[in-house]
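Residue strings, one per chain:
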Amino acid sequence: MSISKLTPSSSDSAKPKINWARVDEADNFANTVKLYRQGKYDEDSFRRFRLQHGAYGTRMTSDYAMVRVKLPAGEIYPKQFETLSRLSEQYSIGSAHFSTRENIQLHWVVLEDVSEIFRSLAEVGLTSREACGNSVRNVMCSPLSGVCSDEKFDSTPYALATAKFFLRNPMAQSLPRKFKFNFTCCEKHGMVRMVDVGLIPEIQQINGSEQKGFKIFLGGGLGNRSFIGHQLEDFTPEEDLLYTSIAVMRIFDRLGDRKNLARNRMRYLVNDMGWEKFQNLVLKERAIVRATQSVVTKLKVDTTPDKITRPLKISDESGSSVPDGYARWLKTNTMKQKQSEYYSVFITLEAGDITSNQLNSMATLIREFSSEGKARSGFVQNVALRYVHEDDLVKLYSKLLETGLAKSGGLTMTTPVGCSGTTSCNLALTNSHRLAKEIQRKFLELKLDEDEDLTDSSIKISGCPNSCAQHGIATIGFFGGGGRLGKDMYPNYQMSLGGRFDADTTLGQTCLRVPAKRVIPVILKIIEMFKENKQSGDTLKSWIHRIVNDSEDSNIKSVGDIKKVLEPIVVPPTKEDDPDFYLDYGSDTSYHTKTGKGECAA
Amino acid sequence: MCSLTEAVKVTTDIDSLRSEIRDKSVRVIDVRREGDYKQDHIPNSVNLPLATLLSDDSPERVLKLVNSLGIDDETPVVVYDDTFGALASRVAWTLEWIGHSDVTLLETTFGNWKSLGLEIDSLTPEISNKEHSMNLQSNILATSDYLESAKLRDDVILIDNRERLNYLEQHIPGAVNLPYRTLSSNDGILRPKEDMKRLFDNRGISGDSEIITYCGSVGTLSGLAYYALKSTGIPNAKLYVRSFKEWKNLEKPTDKQADANYWDLSAE
Ligand code: HEM
Ligand code: SF4
């Protein structure tokens, strides 16, 4: 008999409700790769096929792919963690990466191995299908949906149903461009105005009874040019959710710019046409959809509530002493849920990276601590364990310490978002990924996570203007480029200030160019300026917002004033004086920009 | 075609080994460190720590060791370790190399054996010396000189079994990377045959080629790959037993994946 099987409750009580996978897609992919290698498939059609199945190209090589596994509504279960752990060791670099859109990515995968990954994913119900390419990308949902005290109702089932409806749906196989849905819990916790379709749950009293529905925002998005979404109407009842989604997609499909790759996201269509005209079109189209499709087409929303059962007490109660750092972590990584006695615990990662051992331990942690038996990935390259009982928090923290997942600052500015940059992306100009990690290490060392003035601010860093890290909506945002002094190049970033992604979503204002090796001193200088000039009750975020809105009357009145203070810091030294300045983070050879073919528009 | 890809038995399953131990019809070699072996091991197994073998793995020395373990040309040998089969593979390969034909790997690790609650023991069996003949199988060994010329041939595939990041950073020019972890399944040191075949087939690795494996230093990870290849019936596999460590010491050319900071994606 097996001893290991004697411990109770390690079997998963929570099972994925939806199987997203199809095994035959693995065989199909394997065969297509073979045909492609034999030259029986042309470059372009193969690329389209590959992207549709969720495999991106990789920096400077056609031998490797990045596999983007979708976590619809952000949900991820213990068995799925274990499989991803194994896959990251077998086919990737021993780590995986949580993205900003609730995907988990495996990088540097040999193209010929991608189908093996599909096969294993299928065993645990996951897919990467339509995670890239011109399709409906992963449908996101706030990691706090269901537990947020400000939400009207839990939108998770609607996010899942929407994902299910559009996945492999013929209607969504060759859109002019990618198409993104974000569901959220409330105004504060979502990113609904920065996406093609953003949805906030809403309840209206209609004839004395409560009617569920959504506030829907259309045509937002970040990128080379960013736009903020428009609210379609006061209230969209839940029966109209699908009709509205289909209507919007049909218009986009019909009118979206298929020729001009740089401007074919729906936001450009909305912008070119003008909001009112677009809005009218949507409402008309929706009437047609409703009239023609109502019988057959319905979202299958499964609102049976999840079982919440606190995992059996783990036997040893000895370690009840409170470890160092607990209070700091509790403050910067957890949130009280609307369900009394329960907390949501956010795990701090470095720019979204997680080792295969840590992936494995996440599975154990869920089983031991989450009363809902699964985890949720979030918007900032992170993952949350929810429904952790308050009495279990100390114990959980101790376990996190053992696996290197107990870093503090997860919900603060000290955990920046950094896209993959030169670590794997073809278009990257700088190593934004490493810079995000450098900032985090420095700021945790300085204990800036404990500074309440900084908690609600954010730092986001993209490796080029394409905005994958969403720098435009960061309090302090950066995107990479090359700088030059004489003939010597150095890694450089354009910095913007005052972006936000809440109810007052705005894009940051361009401030100045900051060399990579000056980014940390520049941020510290901004914090110093803020401390000198802040008013009572100010946070860095509120102070910067007054400045970008021209309503600050201290010494620093405008982004231009900030720029003036910073200018001396960013002056490039000569290469002789400071050779390190000319190296990007993580690199010991002189900096030069080098890019390959981008696939965002393929 | 393909009388070439005749299946070869490379592992012994748990049940068979248990009955072979009862019949005393097999010599079981535990390649873990002496201290670990002394604590507990599979009953009746003998200890040959990998380090002991590696301290001098000339054919003459190996022959002496083999004799002292009571192995002659006819003795079936099963090797195990607690390191996902890699150390066991290196020892098994060495036996093959000096001409022992009946050697297999235990399908699982000692750790797993133990956790299944199977019989263990701490007694060291009495062994009387035997006489093994020497029949060197040079065709399963690749030297650096051999490799250098062979890898120019179209029908030779060179496989690097180290982890992906190490490979990206530096490898022998022309090698393809198949990290050792890819070869195992959840509970076995090697994938089931059909699974393994599919993996190789996707990579274009087939019996039509001669295949040379290497890893970081002493041919352990690549030894496992050698057996993975054999398990699918690939007839012509060779181990570059001195591996990348020697290659670098000899200052032979290497390649790297340029212009990408892949290390910074790692969470380690
Ligand atoms: C012109 C080309 C591209 C554009 C305009 C673009 C745009 C974007 C935008 C705006 C986001 C933010 C997420 C959102 O919109 O909700 C995003 C996310 C992302 N993009 Fe791109 N992208 C491009 C190319 C690429 C390429 C080539 C790669 C790498 C293979 C890539 C990898 C990612 C990743 C990994 C994320 C998630 C961020 C993270 O957590 O790392 N993108 N992209
Ligand atoms: S922002 Fe640029 S560098 Fe970063 S992932 Fe997107 S395309 Fe690549």
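Residues numbered from 1 in each chain as written. Chains lettered and ligands numbered in written order. Predicted model: local features only at pLDDT ≥ 70, side-chain atom pairs only at ≥ 80, totals over all residues. Heavy atoms only, no water.

Considering the pattern of salt bridges
Then, in step 1: Under the defined criterion, the tally for this structure stands at 67 salt bridges over all chains.
Then, in step 2: In this structure, R119 of chain A and D27 of chain A form a salt bridge, with 2.7 Å as the shortest nitrogen-oxygen distance. Within this pair, whereas R119 of chain A is found in helix 4 (residues 114–123), its partner D27 of chain A is found in helix 1 (residues 24–37), the two being separated by 92 residues in sequence.
Then, in step 3: With a shortest N-O distance of 3.3 Å, R198 of chain B and D195 of chain B are connected by a salt bridge. A residue pair is termed a helical-turn pair when its members lie 3 or 4 positions apart in one helix, as R198 of chain B and D195 of chain B do in helix 9 (residues 193–202) at 3 residues.
Then, in step 4: What makes R198 of chain B partly exposed here is its relative accessible area of 22%.
Then, in step 5: Through salt bridges with shared partners, a single network forms among D27, E116 and R119 of chain A together with R191, D195 and R198 of chain B. (Salt bridge = Lys/Arg side-chain N within 4 Å of Asp/Glu carboxyl O. Helix = DSSP H or I, 4+ residues; strand = E, 2+ residues; numbered from the N terminus. Buried < 20%, exposed > 50% of the residue type's maximum accessible area, 1.4 Å probe, protein only.)

What about the nonpolar core?
Then, in step 1: Formed by 98 residues in total, the largest nonpolar core has its most connected members in F81 of chain A together with I29 and F200 of chain B.
Then, in step 2: At 7 residues, the largest contribution of residues to this core is made by helix 5 (residues 86–98) of chain B.
Then, in step 3: Beyond its immediate stretch of four places on either side in the chain, I29 of chain B contacts V46, L48, L69, I71, V77, V78, V79, Y80 and L95 of chain B.
Then, in step 4: In this structure, I18, I251, L269 and L299 of chain A belong to the second largest nonpolar core, which totals 43 residues. (Core = buried A, V, L, I, M, F, W, Y, C linked by side-chain atoms within 4.5 Å. Contact = heavy atoms within 4.5 Å.)

Examining the sheet that holds strand 2 (residues 61–70) of chain A
Residues and elements named next belong to chain A.
Then, in step 1: Strand order in the open sheet made by the 5 strands is 1-2-5-4-14, with antiparallel pairing throughout. Pairing within the sheet leaves two strands with one partner each, and these edge strands are strand 1 (55–58) and strand 14 (353–355). Across the sheet, the axes of successive neighbouring strands diverge by a mean angle of 30°, strand direction being ignored.
Then, in step 2: Summarising the sheet, strand 1 and strand 2 pair through 4 bridges and their orientation is antiparallel. Across the sheet, residue T58 finds its bridge partner in strand 2, namely T61.
Then, in step 3: Strands in contact with helix 10 (residues 356–369) are strand 4 (95–98), strand 5 (103–110) and strand 14; relative to strand 14, the strand with the most contacts, it is inclined by about 85°. (Pairing = 2+ DSSP bridges. Axes fitted to C-alpha atoms, helices over the stretch in contact; angles between N-to-C directions.)

Section: the domain arrangement of chain A
Residues and elements named next belong to chain A.
Then, in step 1: Looking at chain A, the domain boundaries give domain 1 (10–123), domain 2 (156–292), domain 3 (304–311 + 320–402) and domain 4 (417–582).
Then, in step 2: Each of domain 1 and domain 3 was reduced to a C-alpha centroid, and the two centroids are 26 Å apart.
Then, in step 3: Residue-level contacts link 27 residues of domain 1 with 26 residues of domain 3.
Then, in step 4: In this assembly, domain 1 packs against domain 3 so that about 2,200 Å² is buried in total across both faces, 50% of it on carbon and sulfur atoms.
Then, in step 5: Where domain 1 packs against domain 3, one counts 4 salt bridges.
Then, in step 6: When residues of the side of domain 1 that touches domain 3 are traced back to their parent elements, those giving at least two are strand 3 (75–76), helix 3 (78–91) and strand 4.
Then, in step 7: Top element by residues in the side of domain 1 that touches domain 3 is helix 3. It accounts for 8 residues. (Domains from an automatic or database assignment. Buried area = accessible area lost by both parts, 1.4 Å probe.)

Comments concerning helix 8 (residues 275–293) of chain A
Residue and element names in this part refer to chain A.
Then, in step 1: Under the 1.5 Å per step criterion, the end-to-end length of helix 8 is 26 Å for 19 residues, consistent within 8% with the ideal 27 Å.
Then, in step 2: All of the buried residues in helix 8 are W275, F278, Q279, V282, E285, R286, V289 and Q293. All buried residues of helix 8 project into a common sector of 130° when viewed along the axis, lining one side. Away from its buried face, by an angle of more than 90 degrees, helix 8 presents the exposed residues E276, K277, K284, A291 and T292.
Then, in step 3: Contact partners of the buried residues in helix 8: strand 9 (209–218), strand 10 (230–231), strand 11 (236–237), helix 6 (240–255) and helix 7 (266–273). (Expected span 1.5 Å × (residues − 1). Arc of directions from axis to C-beta.)

Details of the domain arrangement of chain B
Note on interface size: it is often stated as the accessible area lost on association of the parts.
Residue and element names in this part refer to chain B.
Then, in step 1: The assigned domain composition of chain B is domain 1 (11–136) and domain 2 (139–265).
Then, in step 2: Distance between the C-alpha centres of domain 1 and domain 2: 25 Å.
Then, in step 3: Listed by partner, the interface residues are 21 residues for domain 1 and 19 residues for domain 2.
Then, in step 4: Both sides together, the interface formed by domain 1 and domain 2 hides about 1,600 Å², and carbon and sulfur atoms give 67% of it.
Then, in step 5: The interface formed by domain 1 and domain 2 contains 2 salt bridges.
Then, in step 6: Where R242 meets D57, a salt bridge forms, and the shortest distance between an N and an O atom there is 2.9 Å.
Then, in step 7: Applying the counting rule to domain 1 against domain 2 returns 10 residue pairs in polar contact (both at pLDDT 80 or more). (Polar contact = N/O pair within 3.5 Å; in protein donor to acceptor, adjacent residues only side chain to side chain.)

A closer look at the confidence of the model for chain A
Close inspection of predicted coordinates is inappropriate in any region flagged by low pLDDT.
Then, in step 1: A residue-level look at chain A finds 95% of positions with pLDDT of 70 or above and a mean pLDDT of 91.
Then, in step 2: Scored below 50 in pLDDT, residues 1–10 of chain A shows 8 contacts in the model against residues more than four places distant or in partner chains. (pLDDT = per-residue confidence, 0-100.)

Details of the site of ligand 2
Then, in step 1: Near ligand 2, the surroundings consist of C419, S420, C425, L427, A428, S462, G463, C464, N466, S467 and C468 of chain A.
Then, in step 2: Of the residues assigned to the shell around ligand 2, the class counts are 6 nonpolar, 5 polar and no charged. (Near = heavy atom within 4 Å. Nonpolar A, V, L, I, M, F, W, Y, C, P; charged D, E, K, R; others polar.)

Overview of unusual backbone geometry
Residues and elements named next belong to chain B.
Then, in step 1: For K24, which is not a glycine, the phi torsion comes out positive at approximately 55°.
Then, in step 2: Along the chain, the position of K24 falls in the loop between helix 1 (14–23) and strand 2 (27–30).
Then, in step 3: Of note, the phi angle at F84 is positive, near 45°, even though the residue is not glycine.
Then, in step 4: Since its relative accessible area comes to 32%, F84 is described here as partly exposed.

Some details on the interface of chain A and chain B
Then, in step 1: Between chain A and chain B, the contact holds 41 residues from the first and 30 residues from the second.
Then, in step 2: For the pair chain A and chain B, the two sides together bury roughly 3,000 Å², of which 46% comes from carbon and sulfur.
Then, in step 3: When residues of chain A are sorted by the area they lose upon contact with chain B, Q90, I93 and W108 of chain A head the list and together hold 19% of the total.
Then, in step 4: Viewed at the interface, chain B and chain A are joined by 6 salt bridges.
Then, in step 5: Close ionic contact of E116 of chain A with R191 of chain B constitutes a salt bridge, the shortest N to O distance being 2.9 Å.
Then, in step 6: Broken down by secondary-structure element, the contributors of at least two residues to the side of chain A that touches chain B are helix 1, strand 2, helix 3, strand 5, helix 4, strand 14 and helix 12 (432–445) of chain A.
Then, in step 7: Among the residues forming the side of chain A that touches chain B, the class breakdown is 12 nonpolar, 17 polar and 12 charged.

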